[in-house]
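Spelled out from the first residue to the last, the chains are:
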Amino acid sequence: MRAVWVTIGFLALALGVIGVFLPLLPTVPFLLLACVAFGKSSARLHRWLLAHPRLGPPIHDWNERGAISQKAKLLASLSIIAAFSISWLMGFGARVLIIQAITLACVSLFIWTRPDR
C-alpha cells in the first residue's frame, strides 16, 4: 500500500507543479493531496514537501488557518474567468454555460471568503 501512496503523492505533486504554470489547473489542492499521500507513505518526502521554500507555504497556510494568499486568489479568479471565456467563445450551449457559471461562482465565493495569509 505504501507504493500506491507514494505514486499518488508523486502524481499529485507533478500536477501541482504543472498547475503553477497552467492557469486552468489548480496547484494547492494537488499539493495538499501530495502532502497527505506522502504523510501516509514516506516521512522523508512529507517533510521535504512541507519544508520546500515554494511549495510548503501554501500548505502551511491552509493547514494552519484555512488561508489562501491574495496572489493565489487573484490567479484563481483569472483562471475562472479564462475557463468561462473559453467555453463561451467555443460556443457551448446556454445550459452548459449556466451550469458552469453557477459552479464557478460558488468556487469563487469559497476562495474569496477564505482568510489571507
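Our subject is the structure listed above.
The following paragraphs examine the structure supplied in this document. Residue positions are counted from 1 within each chain, in the order its sequence is given. For a predicted model such as this one, the threshold for reporting local features is a pLDDT of at least 70, and the threshold for listing and counting side-chain atom pairs is 80 or more; totals across whole chains, interfaces and linings nevertheless cover every residue. Note that the side-chain values use all heavy atoms of the structure and ignore hydrogens as well as water.

Examining the overall build of the protein chain
For the protein chain, the count of helices and strands is six helices and zero strands. Taking the principal axes of its C-alpha atoms as reference, the protein chain extends roughly 50 × 30 × 20 Å. Here the protein chain holds 117 residues, and 31% of them are scored as buried. At a minimum sequence separation of 6, the contacts of the protein chain that also span at least 24 residues come to 61%. Throughout, the Shrake-Rupley method with a 1.4 Å probe supplies accessible areas, and for residues the shown protein chains are the sole cover considered. Within the structure as shown, the protein chain displays about 7600 Å² of accessible surface, and the carbon and sulfur contribution to it stands at 73%. Elements are defined by DSSP. Helices are runs of H or I of four residues or more, strands are runs of E of two residues or more, and each kind is numbered from the N terminus. Burial classification: accessible surface area is computed with a 1.4 Å probe over protein chains only, and a residue below 20% of its type maximum counts as buried, one above 50% as exposed, and the rest as partly exposed. Contact criterion: two residues are considered in contact whenever any of their non-hydrogen atoms come within 4.5 Å of each other.

Side note on the side chain of D61
Here D61 shows up in helix α4 (residues 56-65). Sequence-distant contacts of D61, defined by excluding residues within four places in its chain, comprise G66, A67 and R117.

Looking at the pattern of salt bridges
For this document, the term salt bridge refers to a Lys or Arg side-chain nitrogen within 4 Å of an Asp or Glu carboxyl oxygen. This structure, assessed with the given rule, holds three salt bridges. When the shortest N-O distance is used, the salt bridge between D61 and R65 registers 3.0 Å. On the criterion of helical spacing, the pair formed by D61 and R65 is a turn pair, its members being four residues apart in helix α4. Of the residues examined, D61 reaches a relative accessible area of 9% and is grouped as buried. Between K73 and D116 there is a salt bridge, with the nearest N and O atoms lying 2.7 Å from each other. On the criterion of sequence distance, the pair formed by K73 in helix α5 (residues 70-89) and D116 in the segment after α6 (94-112) is long-range, its members being 43 residues apart. Assessed through its relative accessible area of 38%, D116 is described here as partly exposed. Linked by salt bridges that have partners in common, D61, E64 and R65 make up one network.

A closer look at helix α2 (residues 28-41)
End to end, α2 covers 20 Å across 14 residues, agreeing with the expected 20 Å (1.5 Å per residue, within 8%). Along α2, the residues classified as buried are L31, A34, C35, A37, F38 and S41. Considering only its buried residues, α2 is in contact with α1 (2-21), α3 (43-51) and α4. In a helix, the anticipated span is given by 1.5 Å times the number of residues less one.

So, the packing of α5 against α6
Axes here refer to lines fitted to C-alpha atoms; in helices the fit is confined to the stretch in contact. Angles between the N-to-C directions go from 0 to 180 degrees. One way to put it is that α5 packs onto α6 with a least axis distance of 11 Å and a crossing angle of 180 degrees. With respect to their mutual orientation, α5 and α6 come out roughly antiparallel. Facing α5, whose interface residues are Q70, K73, L74, A76, S77, I80, A83, F84, S87 and W88, α6 presents L97, Q100, A101, L104, V107, S108, I111 and W112. Under this grouping Gly is polar, as are all residues other than the nonpolar Ala, Val, Leu, Ile, Met, Phe, Trp, Tyr, Cys and Pro and the charged Asp, Glu, Lys and Arg. Split by residue class, the contact of α5 with α6 holds 12 nonpolar, five polar and one charged. In this scheme, roughly parallel covers angles under 35 degrees and roughly antiparallel covers those over 145, while 65 to 115 is roughly perpendicular and the rest are oblique.

Description of the environment of G16
Within the secondary structure, G16 is located in helix α1. As for G16 and V28, which are separated by 12 residues in sequence, their C-alpha atoms are 6.6 Å apart.

Structural notes on the side chain of Q100
Considering the arrangement of structural elements, one finds Q100 in helix α6. Take Q100: its relative accessible area is 18%, and that puts it in the buried class.

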